[in-house]
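Secondary and tertiary structure notes
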Amino acid sequence: MQLFRTIAALRCYLNSRKSATSHLEVGLVPTMGALHAGHLSLIRRARQENTIVVVSIFVNPLQFGPKEDFQDYPRNLEQDRLLCQEAGVDVIFAPSETEMFGKSGVDRPKSEILATKPIHPSSLTQVIPPPAMTSVLCGKSRPGHFQGVATIVTKFLSLVQPTRAYFGQKDAQQVAIIRQLVADFNLPVEIVACPIVREDSGLAMSSRNQYLTAEQKQQASVLYRALQQALQAFKTGDRTAETALATVKAEVARVPAVELEYAELVNPDTLTPLEVVATAGLLAVAARVGSTRLIDNLILRNRRPIVAIDGPAGAGKSTVTRQAAGALGLFYLDTGAMYRALTWLAMKTGTPMSDAPAIAELVNLSYLEYNLDPSSFTIKINGEDVTEAIRSLEVTARVSEIAAQPAVRQFLVLQQQRCGITGGIIAEGRDIGTNVFPDAELKIFLTASVKERSRRRQLELKNTGRADIGLAELERDIALRDEKDSTREVAPLRKAADAVEIQTDGLTIAEVIDRIVGLYEEKIGSRG
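One structure accompanies this document, and this report is about it. The shown structure was predicted, so the numbers you read here are calculated from the model rather than taken from an experiment.

**Quick notes on the packing of helix 10 (residues 222-235) against helix 11 (residues 241-252)**
The N-to-C vectors of helix 10 and helix 11 enclose an angle of 145 degrees; their axes lie 8 Å apart at closest approach. Considering the relative orientation of helix 10 and helix 11, their crossing is right-handed. The residues of helix 11 that touch helix 10, namely those facing V222, L223, R225, A226, Q229, A230 and A233, are T243, A244, T247, V248, E251 and V252. Among the residues making up the contact of helix 10 with helix 11, the classes are represented as eight nonpolar, three polar and two charged.

**Comments concerning the pattern of salt bridges**
Tallying each qualifying case throughout the model produces 26 salt bridges. Across the pair K217 and E199 runs a salt bridge, and its minimum N-O distance is 3.7 Å. Residue K217 is located in helix 9 (residues 214-220), and its partner E199 is located in the loop between strand 6 (190-194) and helix 9; the two are separated by 18 residues in the primary sequence. Residue E452 is joined to R455 by a salt bridge in which the shortest nitrogen-to-oxygen separation is 2.8 Å. Pair noted here: E452 and R455 are both in helix 18 (residues 450-463), with a separation of three residues, about one helical turn. For E452, a relative accessible area of 13% translates into the label buried. Taking the relative accessible area as the measure of exposure, R455 reaches 42% and is therefore partly exposed. One network of salt bridges, in which partners are shared, links R301, R303, D439 and E441.

**Some remarks on the packing of aromatic side chains**
By the definition in use, this model includes six aromatic pairs. Here F58 and F101 contribute two aromatic rings whose centre-to-centre distance is 5.9 Å and whose plane-to-plane angle is 55 degrees, an arrangement assigned as tilted. One end of the pair, F58, is in the loop between strand 3 (52-57) and helix 3 (77-87); the other, F101, is in helix 4 (residues 97-101), with 43 residues separating them in the sequence. When sorted by exposure, F58 lands in the same class as F101, which is buried. Between F64 and Y73 the ring centres are 5.8 Å apart and the planes differ by 75 degrees, which places this aromatic pair in the edge-to-face class. Note on accessibility: F64 and Y73 belong to one class, buried.

**Quick word on the pairing of strand 12 (residues 368-371)**
When strand 12 meets strand 13 (residues 378-381), the two strands line up antiparallel, connected through four bridges. When the sheet's bridge partners are listed, Y370 is paired in strand 13 with I379. Linking two consecutive strands that pair antiparallel, namely strand 12 and strand 13, is a turn of six residues.

Cut-offs applied
- Residues numbered from 1 in each chain as written.
- Predicted model: local features only at pLDDT ≥ 70, side-chain atom pairs only at ≥ 80, totals over all residues.
- Heavy atoms only, no water.
- Axes fitted to C-alpha atoms, helices over the stretch in contact; angles between N-to-C directions.
- Helix = DSSP H or I, 4+ residues; strand = E, 2+ residues; numbered from the N terminus.
- Left-handed = near helix turned anticlockwise from the far one by under 90°.
- Contact = heavy atoms within 4.5 Å.
- Nonpolar A, V, L, I, M, F, W, Y, C, P; charged D, E, K, R; others polar.
- Salt bridge = Lys/Arg side-chain N within 4 Å of Asp/Glu carboxyl O.
- Buried < 20%, exposed > 50% of the residue type's maximum accessible area, 1.4 Å probe, protein only.
- Phe/Tyr/Trp six-rings, centres within 6.5 Å; stacked < 30°, edge-to-face > 60°.
- Pairing = 2+ DSSP bridges.

Written out as C-alpha coordinates, the structure is:
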(Lines give C-alpha, C1' and ligand atoms only; values in the text may rest on other atoms or scores of the structure.)
Protein backbone atom coordinates (compact mmCIF):
# COMPACT_ATOMS: atom_id res chain seq x y z
CA MET A 1 0.00 0.00 0.00
CA GLN A 2 1.19 3.48 -0.84
CA LEU A 3 0.38 6.78 0.84
CA PHE A 4 0.36 9.88 -1.35
CA ARG A 5 -0.08 13.44 -0.18
CA THR A 6 0.23 15.18 -3.53
CA ILE A 7 -1.96 15.21 -6.62
CA ALA A 8 1.10 14.78 -8.82
CA ALA A 9 2.09 11.51 -7.13
CA LEU A 10 -1.46 10.14 -7.23
CA ARG A 11 -1.78 10.90 -10.93
CA CYS A 12 1.63 9.46 -11.69
CA TYR A 13 0.71 6.21 -9.94
CA LEU A 14 -2.69 5.88 -11.63
CA ASN A 15 -1.33 6.75 -15.06
CA SER A 16 1.42 4.15 -14.77
CA ARG A 17 -1.05 1.46 -13.71
CA LYS A 18 -3.50 2.35 -16.47
CA SER A 19 -0.78 2.33 -19.12
CA ALA A 20 0.19 -1.18 -18.06
CA THR A 21 -3.36 -2.57 -18.22
CA SER A 22 -5.86 -2.17 -21.04
CA HIS A 23 -8.90 -1.97 -18.75
CA LEU A 24 -8.18 -1.05 -15.14
CA GLU A 25 -11.12 -1.00 -12.73
CA VAL A 26 -10.52 1.55 -9.98
CA GLY A 27 -12.63 1.81 -6.84
CA LEU A 28 -12.65 5.06 -4.86
CA VAL A 29 -13.76 5.28 -1.23
CA PRO A 30 -13.90 8.97 -0.21
CA THR A 31 -13.63 9.45 3.57
CA MET A 32 -12.77 12.06 6.16
CA GLY A 33 -10.72 9.54 8.11
CA ALA A 34 -11.42 8.31 11.65
CA LEU A 35 -12.22 5.03 9.94
CA HIS A 36 -14.61 2.54 11.53
CA ALA A 37 -16.45 -0.64 10.59
CA GLY A 38 -18.77 1.27 8.28
CA HIS A 39 -15.86 2.59 6.22
CA LEU A 40 -14.27 -0.85 6.18
CA SER A 41 -17.45 -2.35 4.70
CA LEU A 42 -17.12 0.12 1.81
CA ILE A 43 -13.46 -0.78 1.37
CA ARG A 44 -14.22 -4.52 1.36
CA ARG A 45 -16.89 -4.01 -1.30
CA ALA A 46 -14.47 -1.93 -3.39
CA ARG A 47 -11.74 -4.55 -2.94
CA GLN A 48 -14.07 -7.27 -4.19
CA GLU A 49 -15.13 -5.36 -7.29
CA ASN A 50 -12.00 -3.54 -8.51
CA THR A 51 -8.37 -4.04 -9.48
CA ILE A 52 -7.19 -0.99 -7.53
CA VAL A 53 -8.73 0.54 -4.40
CA VAL A 54 -8.03 4.18 -3.56
CA VAL A 55 -9.12 5.58 -0.18
CA SER A 56 -9.07 9.34 0.17
CA ILE A 57 -8.71 10.78 3.65
CA PHE A 58 -9.46 14.48 3.77
CA VAL A 59 -11.39 16.50 6.34
CA ASN A 60 -13.09 18.87 3.93
CA PRO A 61 -13.39 22.40 5.35
CA LEU A 62 -15.96 23.37 2.70
CA GLN A 63 -18.65 21.15 4.24
CA PHE A 64 -18.36 22.47 7.80
CA GLY A 65 -20.31 25.47 9.00
CA PRO A 66 -18.70 28.19 11.17
CA LYS A 67 -20.11 26.67 14.39
CA GLU A 68 -19.46 23.03 13.48
CA ASP A 69 -16.72 20.66 14.64
CA PHE A 70 -14.12 21.10 11.89
CA GLN A 71 -11.21 21.72 14.27
CA ASP A 72 -12.29 18.97 16.65
CA TYR A 73 -13.22 16.38 14.03
CA PRO A 74 -11.32 13.17 14.91
CA ARG A 75 -8.09 12.72 12.97
CA ASN A 76 -5.80 9.70 13.29
CA LEU A 77 -3.99 9.04 10.05
CA GLU A 78 -1.68 6.39 11.47
CA GLN A 79 -4.59 4.30 12.78
CA ASP A 80 -6.42 4.80 9.48
CA ARG A 81 -3.31 3.70 7.59
CA LEU A 82 -3.10 0.45 9.55
CA LEU A 83 -6.79 -0.32 8.97
CA CYS A 84 -6.43 0.34 5.24
CA GLN A 85 -3.35 -1.86 5.06
CA GLU A 86 -5.23 -4.74 6.71
CA ALA A 87 -8.19 -4.25 4.36
CA GLY A 88 -6.03 -4.54 1.24
CA VAL A 89 -6.16 -0.91 0.08
CA ASP A 90 -3.70 -0.06 -2.69
CA VAL A 91 -3.47 3.72 -2.22
CA ILE A 92 -4.31 6.24 0.48
CA PHE A 93 -4.58 9.78 -0.81
CA ALA A 94 -4.31 12.14 2.15
CA PRO A 95 -3.71 15.67 0.79
CA SER A 96 -3.47 18.88 2.78
CA GLU A 97 -5.97 21.70 2.36
CA THR A 98 -3.37 23.68 0.46
CA GLU A 99 -2.76 20.76 -1.89
CA MET A 100 -6.47 20.47 -2.64
CA PHE A 101 -7.36 24.14 -2.81
CA GLY A 102 -4.12 26.11 -3.05
CA LYS A 103 -2.74 27.78 -6.16
CA SER A 104 -0.74 25.65 -8.56
CA GLY A 105 2.55 26.55 -10.16
CA VAL A 106 6.25 25.97 -9.55
CA ASP A 107 6.73 29.55 -8.43
CA ARG A 108 4.71 29.08 -5.24
CA PRO A 109 6.79 30.25 -2.30
CA LYS A 110 7.75 27.67 0.29
CA SER A 111 5.84 29.57 2.98
CA GLU A 112 2.62 29.13 0.99
CA ILE A 113 3.21 25.44 0.35
CA LEU A 114 3.73 24.75 4.04
CA ALA A 115 1.03 27.10 5.29
CA THR A 116 -2.37 25.97 6.50
CA LYS A 117 -4.60 28.90 5.66
CA PRO A 118 -8.36 29.09 6.05
CA ILE A 119 -10.15 28.24 2.82
CA HIS A 120 -12.61 30.85 1.64
CA PRO A 121 -15.30 29.26 -0.57
CA SER A 122 -15.82 32.53 -2.41
CA SER A 123 -12.32 32.19 -3.89
CA LEU A 124 -13.03 28.73 -5.36
CA THR A 125 -15.00 27.33 -8.25
CA GLN A 126 -17.75 25.35 -6.55
CA VAL A 127 -20.33 22.78 -7.57
CA ILE A 128 -23.88 23.82 -6.66
CA PRO A 129 -26.39 20.95 -6.52
CA PRO A 130 -30.11 21.59 -7.14
CA PRO A 131 -31.46 23.79 -4.32
CA ALA A 132 -34.48 21.48 -3.96
CA MET A 133 -32.08 18.73 -2.88
CA THR A 134 -29.91 20.83 -0.56
CA SER A 135 -32.64 22.77 1.23
CA VAL A 136 -34.30 19.73 2.84
CA LEU A 137 -33.34 17.29 5.59
CA CYS A 138 -29.81 18.14 6.83
CA GLY A 139 -29.59 21.05 4.41
CA LYS A 140 -32.01 23.07 6.54
CA SER A 141 -29.58 23.32 9.44
CA ARG A 142 -26.33 23.04 7.48
CA PRO A 143 -26.37 25.73 4.77
CA GLY A 144 -23.53 25.31 2.31
CA HIS A 145 -22.74 21.78 3.51
CA PHE A 146 -23.80 19.91 0.39
CA GLN A 147 -22.21 22.46 -1.90
CA GLY A 148 -18.95 21.65 -0.09
CA VAL A 149 -19.59 17.92 -0.40
CA ALA A 150 -20.41 18.20 -4.12
CA THR A 151 -17.29 20.27 -4.77
CA ILE A 152 -14.85 17.94 -3.02
CA VAL A 153 -16.43 14.78 -4.46
CA THR A 154 -16.23 16.26 -7.97
CA LYS A 155 -12.55 17.02 -7.39
CA PHE A 156 -11.84 13.47 -6.23
CA LEU A 157 -13.77 11.95 -9.12
CA SER A 158 -11.78 14.14 -11.50
CA LEU A 159 -8.45 13.24 -9.93
CA VAL A 160 -8.96 9.49 -9.55
CA GLN A 161 -11.35 8.88 -12.48
CA PRO A 162 -12.65 5.73 -10.79
CA THR A 163 -14.80 3.03 -12.29
CA ARG A 164 -16.86 3.01 -9.10
CA ALA A 165 -17.11 5.26 -6.04
CA TYR A 166 -18.46 3.93 -2.74
CA PHE A 167 -20.59 5.78 -0.19
CA GLY A 168 -22.50 4.74 2.91
CA GLN A 169 -26.29 4.71 2.83
CA LYS A 170 -26.26 6.42 6.25
CA ASP A 171 -25.58 9.63 4.36
CA ALA A 172 -28.60 9.07 2.11
CA GLN A 173 -29.02 12.74 1.20
CA GLN A 174 -25.38 12.91 0.18
CA VAL A 175 -25.77 9.76 -1.94
CA ALA A 176 -28.82 11.17 -3.75
CA ILE A 177 -27.07 14.47 -4.47
CA ILE A 178 -23.90 12.77 -5.73
CA ARG A 179 -25.92 10.50 -8.01
CA GLN A 180 -27.68 13.55 -9.41
CA LEU A 181 -24.32 15.29 -9.87
CA VAL A 182 -22.90 12.31 -11.76
CA ALA A 183 -25.99 12.08 -13.96
CA ASP A 184 -26.08 15.81 -14.70
CA PHE A 185 -22.38 15.96 -15.59
CA ASN A 186 -22.47 12.62 -17.48
CA LEU A 187 -19.52 11.38 -15.44
CA PRO A 188 -18.41 7.82 -16.34
CA VAL A 189 -18.52 6.45 -12.80
CA GLU A 190 -20.87 4.11 -10.99
CA ILE A 191 -22.01 5.36 -7.59
CA VAL A 192 -22.35 2.42 -5.19
CA ALA A 193 -24.35 2.92 -1.99
CA CYS A 194 -23.52 0.36 0.69
CA PRO A 195 -25.77 -0.69 3.61
CA ILE A 196 -25.54 1.02 6.98
CA VAL A 197 -23.29 -0.78 9.46
CA ARG A 198 -24.57 -0.66 13.03
CA GLU A 199 -23.31 -1.17 16.55
CA ASP A 200 -24.88 -3.97 18.60
CA SER A 201 -27.47 -1.53 19.94
CA GLY A 202 -28.56 -0.58 16.42
CA LEU A 203 -26.81 2.81 16.49
CA ALA A 204 -25.49 3.63 13.02
CA MET A 205 -21.69 3.64 12.85
CA SER A 206 -20.25 7.16 12.59
CA SER A 207 -16.91 8.82 13.24
CA ARG A 208 -18.81 11.20 15.52
CA ASN A 209 -19.84 8.31 17.78
CA GLN A 210 -16.43 8.82 19.40
CA TYR A 211 -17.84 11.93 21.03
CA LEU A 212 -20.51 9.91 22.87
CA THR A 213 -20.26 8.34 26.31
CA ALA A 214 -21.44 4.76 26.78
CA GLU A 215 -24.69 6.07 28.25
CA GLN A 216 -25.23 8.46 25.37
CA LYS A 217 -24.66 5.68 22.84
CA GLN A 218 -27.35 3.63 24.52
CA GLN A 219 -29.69 6.62 24.50
CA ALA A 220 -28.96 7.31 20.83
CA SER A 221 -29.99 3.77 19.87
CA VAL A 222 -33.59 4.99 20.16
CA LEU A 223 -33.21 6.41 16.62
CA TYR A 224 -32.91 2.93 15.14
CA ARG A 225 -35.73 1.59 17.30
CA ALA A 226 -37.95 4.43 16.12
CA LEU A 227 -37.19 3.68 12.48
CA GLN A 228 -37.88 -0.01 13.02
CA GLN A 229 -41.23 0.72 14.66
CA ALA A 230 -42.17 2.89 11.70
CA LEU A 231 -41.18 0.02 9.40
CA GLN A 232 -43.46 -2.37 11.28
CA ALA A 233 -46.35 0.08 10.97
CA PHE A 234 -45.58 0.36 7.26
CA LYS A 235 -45.69 -3.41 6.86
CA THR A 236 -49.25 -3.48 8.22
CA GLY A 237 -50.32 -1.61 5.11
CA ASP A 238 -50.31 2.00 6.31
CA ARG A 239 -48.09 3.75 3.73
CA THR A 240 -48.69 7.33 4.89
CA ALA A 241 -46.04 9.76 6.00
CA GLU A 242 -48.35 10.86 8.82
CA THR A 243 -48.20 7.46 10.51
CA ALA A 244 -44.50 6.88 9.87
CA LEU A 245 -43.45 10.27 11.25
CA ALA A 246 -45.80 10.11 14.23
CA THR A 247 -44.39 6.68 15.13
CA VAL A 248 -40.81 7.93 14.98
CA LYS A 249 -41.51 11.06 17.02
CA ALA A 250 -43.42 9.18 19.71
CA GLU A 251 -40.63 6.65 20.22
CA VAL A 252 -37.82 9.25 20.29
CA ALA A 253 -39.81 11.34 22.77
CA ARG A 254 -39.48 8.50 25.25
CA VAL A 255 -35.76 9.33 25.60
CA PRO A 256 -35.55 13.01 26.64
CA ALA A 257 -31.76 13.08 26.27
CA VAL A 258 -32.20 12.68 22.49
CA GLU A 259 -33.35 15.93 20.88
CA LEU A 260 -34.97 15.20 17.52
CA GLU A 261 -34.00 17.76 14.87
CA TYR A 262 -36.18 16.32 12.13
CA ALA A 263 -38.02 13.23 10.95
CA GLU A 264 -39.02 13.30 7.29
CA LEU A 265 -40.25 10.97 4.58
CA VAL A 266 -38.95 11.82 1.09
CA ASN A 267 -38.36 10.31 -2.33
CA PRO A 268 -34.96 8.52 -2.10
CA ASP A 269 -33.81 9.89 -5.46
CA THR A 270 -35.20 13.43 -5.64
CA LEU A 271 -35.59 14.10 -1.87
CA THR A 272 -39.03 15.63 -2.46
CA PRO A 273 -41.43 15.14 0.49
CA LEU A 274 -43.91 12.26 0.27
CA GLU A 275 -47.38 11.98 1.74
CA VAL A 276 -47.77 8.33 0.74
CA VAL A 277 -45.14 5.79 -0.33
CA ALA A 278 -46.09 4.59 -3.80
CA THR A 279 -42.92 2.60 -4.53
CA ALA A 280 -40.11 3.72 -2.17
CA GLY A 281 -39.62 6.30 0.56
CA LEU A 282 -36.58 7.44 2.52
CA LEU A 283 -37.47 7.77 6.20
CA ALA A 284 -34.69 9.97 7.60
CA VAL A 285 -33.98 11.36 11.06
CA ALA A 286 -31.45 13.69 12.65
CA ALA A 287 -31.00 14.30 16.36
CA ARG A 288 -28.62 15.67 18.95
CA VAL A 289 -27.33 13.76 21.92
CA GLY A 290 -25.49 16.27 24.05
CA SER A 291 -23.45 18.31 21.56
CA THR A 292 -23.21 15.49 19.00
CA ARG A 293 -25.40 15.49 15.90
CA LEU A 294 -26.42 12.06 14.57
CA ILE A 295 -28.34 10.93 11.48
CA ASP A 296 -30.00 7.68 10.46
CA ASN A 297 -32.48 6.40 7.91
CA LEU A 298 -34.09 3.44 6.24
CA ILE A 299 -35.89 2.79 2.96
CA LEU A 300 -39.58 1.90 3.04
CA ARG A 301 -40.36 -0.17 -0.06
CA ASN A 302 -43.90 -0.63 -1.30
CA ARG A 303 -43.26 -3.36 -3.81
CA ARG A 304 -43.55 -7.07 -4.23
CA PRO A 305 -40.38 -9.10 -3.61
CA ILE A 306 -37.53 -9.53 -6.07
CA VAL A 307 -35.67 -12.83 -6.37
CA ALA A 308 -32.21 -12.71 -7.98
CA ILE A 309 -30.58 -15.92 -9.20
CA ASP A 310 -26.93 -15.90 -10.26
CA GLY A 311 -24.49 -18.67 -11.02
CA PRO A 312 -22.06 -20.12 -13.54
CA ALA A 313 -22.93 -21.27 -17.04
CA GLY A 314 -24.58 -24.67 -17.26
CA ALA A 315 -26.05 -24.59 -13.76
CA GLY A 316 -29.59 -24.61 -15.15
CA LYS A 317 -30.46 -21.05 -14.18
CA SER A 318 -32.84 -20.29 -17.07
CA THR A 319 -34.91 -23.45 -16.72
CA VAL A 320 -35.08 -23.18 -12.94
CA THR A 321 -35.88 -19.46 -12.95
CA ARG A 322 -38.69 -19.80 -15.48
CA GLN A 323 -40.33 -22.65 -13.56
CA ALA A 324 -39.75 -21.00 -10.18
CA ALA A 325 -41.57 -17.90 -11.45
CA GLY A 326 -44.70 -19.98 -11.97
CA ALA A 327 -44.33 -21.70 -8.61
CA LEU A 328 -43.91 -18.41 -6.74
CA GLY A 329 -46.45 -16.38 -8.70
CA LEU A 330 -43.75 -13.96 -9.91
CA PHE A 331 -42.99 -12.44 -13.29
CA TYR A 332 -39.97 -13.88 -15.10
CA LEU A 333 -37.45 -11.26 -16.22
CA ASP A 334 -35.72 -12.98 -19.13
CA THR A 335 -32.51 -10.94 -19.33
CA GLY A 336 -31.18 -13.17 -22.08
CA ALA A 337 -34.15 -12.23 -24.28
CA MET A 338 -33.17 -8.58 -23.89
CA TYR A 339 -29.68 -9.22 -25.25
CA ARG A 340 -31.15 -11.34 -28.03
CA ALA A 341 -33.56 -8.55 -29.00
CA LEU A 342 -30.70 -6.07 -29.40
CA THR A 343 -28.70 -8.65 -31.36
CA TRP A 344 -31.69 -9.14 -33.67
CA LEU A 345 -31.97 -5.37 -34.16
CA ALA A 346 -28.27 -5.00 -35.00
CA MET A 347 -28.54 -7.80 -37.55
CA LYS A 348 -31.74 -6.37 -39.07
CA THR A 349 -30.26 -2.90 -39.47
CA GLY A 350 -26.91 -4.19 -40.73
CA THR A 351 -25.02 -2.56 -37.88
CA PRO A 352 -21.58 -4.23 -37.52
CA MET A 353 -21.22 -5.95 -34.16
CA SER A 354 -17.58 -4.86 -34.06
CA ASP A 355 -18.50 -1.16 -34.39
CA ALA A 356 -18.97 -0.36 -30.70
CA PRO A 357 -19.96 3.33 -31.19
CA ALA A 358 -22.55 2.37 -33.81
CA ILE A 359 -23.97 -0.34 -31.53
CA ALA A 360 -24.09 2.13 -28.63
CA GLU A 361 -25.96 4.62 -30.83
CA LEU A 362 -28.40 1.98 -32.07
CA VAL A 363 -29.13 0.61 -28.61
CA ASN A 364 -29.67 3.95 -26.92
CA LEU A 365 -32.10 5.09 -29.62
CA SER A 366 -34.21 1.95 -29.12
CA TYR A 367 -37.01 1.06 -26.72
CA LEU A 368 -38.05 -2.31 -25.35
CA GLU A 369 -41.49 -3.47 -24.22
CA TYR A 370 -42.25 -6.64 -22.29
CA ASN A 371 -44.99 -8.91 -21.07
CA LEU A 372 -43.24 -10.66 -18.20
CA ASP A 373 -45.91 -13.26 -17.47
CA PRO A 374 -43.95 -16.56 -17.69
CA SER A 375 -46.93 -18.29 -19.34
CA SER A 376 -47.25 -15.67 -22.10
CA PHE A 377 -43.89 -13.88 -22.28
CA THR A 378 -43.47 -11.45 -25.17
CA ILE A 379 -40.83 -8.87 -26.05
CA LYS A 380 -41.01 -6.01 -28.53
CA ILE A 381 -38.27 -3.72 -29.79
CA ASN A 382 -39.20 -0.40 -31.35
CA GLY A 383 -42.78 -1.64 -31.49
CA GLU A 384 -42.07 -4.91 -33.33
CA ASP A 385 -42.80 -8.24 -31.64
CA VAL A 386 -39.58 -10.28 -31.76
CA THR A 387 -40.48 -12.99 -29.25
CA GLU A 388 -39.99 -15.82 -31.74
CA ALA A 389 -37.44 -14.17 -34.02
CA ILE A 390 -34.83 -13.83 -31.26
CA ARG A 391 -34.71 -17.61 -30.81
CA SER A 392 -33.27 -18.19 -34.29
CA LEU A 393 -29.94 -19.94 -34.73
CA GLU A 394 -28.54 -16.79 -36.37
CA VAL A 395 -29.30 -14.64 -33.32
CA THR A 396 -28.07 -17.34 -30.96
CA ALA A 397 -24.75 -17.51 -32.78
CA ARG A 398 -24.09 -13.79 -32.41
CA VAL A 399 -25.64 -12.73 -29.09
CA SER A 400 -22.34 -13.09 -27.20
CA GLU A 401 -20.78 -10.43 -29.44
CA ILE A 402 -23.23 -7.76 -28.41
CA ALA A 403 -23.50 -8.91 -24.79
CA ALA A 404 -19.78 -8.23 -24.30
CA GLN A 405 -20.13 -4.52 -25.07
CA PRO A 406 -20.22 -2.15 -22.05
CA ALA A 407 -22.69 0.27 -23.68
CA VAL A 408 -25.17 -2.55 -24.22
CA ARG A 409 -24.69 -3.75 -20.69
CA GLN A 410 -25.29 -0.28 -19.22
CA PHE A 411 -28.42 0.22 -21.28
CA LEU A 412 -29.94 -3.12 -20.28
CA VAL A 413 -29.13 -2.80 -16.58
CA LEU A 414 -31.27 0.35 -16.51
CA GLN A 415 -34.02 -1.48 -18.42
CA GLN A 416 -33.92 -4.37 -15.95
CA GLN A 417 -34.00 -2.06 -12.95
CA ARG A 418 -37.05 -0.27 -14.36
CA CYS A 419 -38.78 -3.64 -14.64
CA GLY A 420 -38.13 -4.15 -10.93
CA ILE A 421 -39.55 -0.86 -9.65
CA THR A 422 -42.79 -2.49 -8.46
CA GLY A 423 -41.11 -5.85 -7.76
CA GLY A 424 -42.81 -9.17 -8.19
CA ILE A 425 -40.09 -10.55 -10.46
CA ILE A 426 -37.49 -13.29 -10.55
CA ALA A 427 -34.40 -12.82 -12.71
CA GLU A 428 -31.23 -14.75 -13.47
CA GLY A 429 -27.77 -13.92 -14.74
CA ARG A 430 -24.16 -13.42 -13.62
CA ASP A 431 -24.60 -10.32 -11.45
CA ILE A 432 -28.34 -9.85 -10.95
CA GLY A 433 -27.91 -9.97 -7.17
CA THR A 434 -24.63 -8.07 -6.96
CA ASN A 435 -25.29 -5.26 -9.42
CA VAL A 436 -28.74 -5.14 -11.01
CA PHE A 437 -30.84 -5.77 -7.88
CA PRO A 438 -28.48 -5.46 -4.89
CA ASP A 439 -31.56 -4.88 -2.67
CA ALA A 440 -33.36 -8.04 -3.81
CA GLU A 441 -35.28 -9.67 -0.98
CA LEU A 442 -33.89 -13.11 -1.85
CA LYS A 443 -30.58 -13.81 -3.62
CA ILE A 444 -29.61 -17.28 -4.75
CA PHE A 445 -26.32 -18.51 -6.19
CA LEU A 446 -27.17 -21.59 -8.23
CA THR A 447 -24.17 -23.74 -8.99
CA ALA A 448 -22.94 -27.25 -9.73
CA SER A 449 -19.56 -28.88 -10.06
CA VAL A 450 -17.74 -28.68 -13.38
CA LYS A 451 -18.12 -32.43 -13.71
CA GLU A 452 -21.88 -32.29 -13.22
CA ARG A 453 -22.37 -29.39 -15.61
CA SER A 454 -20.27 -31.19 -18.21
CA ARG A 455 -22.40 -34.32 -17.81
CA ARG A 456 -25.58 -32.27 -18.31
CA ARG A 457 -24.13 -30.56 -21.36
CA GLN A 458 -23.10 -33.86 -22.90
CA LEU A 459 -26.64 -35.16 -22.39
CA GLU A 460 -28.07 -32.09 -24.13
CA LEU A 461 -25.74 -32.62 -27.09
CA LYS A 462 -26.72 -36.27 -27.37
CA ASN A 463 -30.37 -35.27 -27.46
CA THR A 464 -29.64 -32.96 -30.40
CA GLY A 465 -27.64 -35.58 -32.29
CA ARG A 466 -24.18 -34.27 -31.36
CA ALA A 467 -22.62 -37.07 -29.37
CA ASP A 468 -19.07 -36.64 -30.61
CA ILE A 469 -17.78 -34.36 -27.84
CA GLY A 470 -16.09 -36.14 -24.94
CA LEU A 471 -16.65 -35.40 -21.28
CA ALA A 472 -13.02 -34.34 -20.68
CA GLU A 473 -13.23 -31.75 -23.46
CA LEU A 474 -16.49 -30.38 -22.08
CA GLU A 475 -14.97 -30.12 -18.60
CA ARG A 476 -12.04 -28.11 -19.95
CA ASP A 477 -14.39 -25.82 -21.88
CA ILE A 478 -16.65 -25.18 -18.88
CA ALA A 479 -13.72 -24.57 -16.52
CA LEU A 480 -12.29 -22.08 -19.01
CA ARG A 481 -15.65 -20.32 -19.32
CA ASP A 482 -15.94 -20.12 -15.53
CA GLU A 483 -12.56 -18.38 -15.40
CA LYS A 484 -13.53 -15.97 -18.16
CA ASP A 485 -16.91 -15.22 -16.60
CA SER A 486 -15.42 -14.48 -13.18
CA THR A 487 -12.64 -12.24 -14.53
CA ARG A 488 -14.43 -10.50 -17.41
CA GLU A 489 -14.28 -6.70 -17.50
CA VAL A 490 -18.06 -6.28 -17.84
CA ALA A 491 -20.48 -7.94 -15.39
CA PRO A 492 -18.15 -10.56 -13.88
CA LEU A 493 -19.66 -13.59 -12.18
CA ARG A 494 -19.71 -13.06 -8.41
CA LYS A 495 -21.68 -14.47 -5.53
CA ALA A 496 -23.38 -11.74 -3.50
CA ALA A 497 -22.32 -11.66 0.13
CA ASP A 498 -25.91 -12.28 1.25
CA ALA A 499 -26.78 -14.88 -1.39
CA VAL A 500 -27.81 -18.43 -0.47
CA GLU A 501 -25.83 -21.01 -2.42
CA ILE A 502 -27.67 -24.00 -3.83
CA GLN A 503 -25.37 -26.79 -5.01
CA THR A 504 -27.43 -28.71 -7.57
CA ASP A 505 -25.30 -31.84 -8.01
CA GLY A 506 -27.63 -34.80 -7.63
CA LEU A 507 -30.79 -32.65 -7.55
CA THR A 508 -33.63 -32.70 -10.04
CA ILE A 509 -35.11 -29.43 -11.34
CA ALA A 510 -38.17 -30.04 -9.19
CA GLU A 511 -36.00 -30.46 -6.09
CA VAL A 512 -34.10 -27.23 -6.84
CA ILE A 513 -37.38 -25.34 -7.24
CA ASP A 514 -38.63 -26.80 -3.96
CA ARG A 515 -35.50 -25.41 -2.29
CA ILE A 516 -36.10 -21.98 -3.79
CA VAL A 517 -39.77 -21.99 -2.77
CA GLY A 518 -38.75 -22.99 0.75
CA LEU A 519 -36.20 -20.18 1.00
CA TYR A 520 -38.77 -17.71 -0.32
CA GLU A 521 -41.39 -18.72 2.24
CA GLU A 522 -38.81 -18.72 5.03
CA LYS A 523 -37.41 -15.29 4.23
CA ILE A 524 -40.33 -13.45 2.67
CA GLY A 525 -43.57 -15.25 3.48
CA SER A 526 -46.44 -16.62 1.46
CA ARG A 527 -46.30 -17.00 -2.31
CA GLY A 528 -48.31 -15.18 -4.97
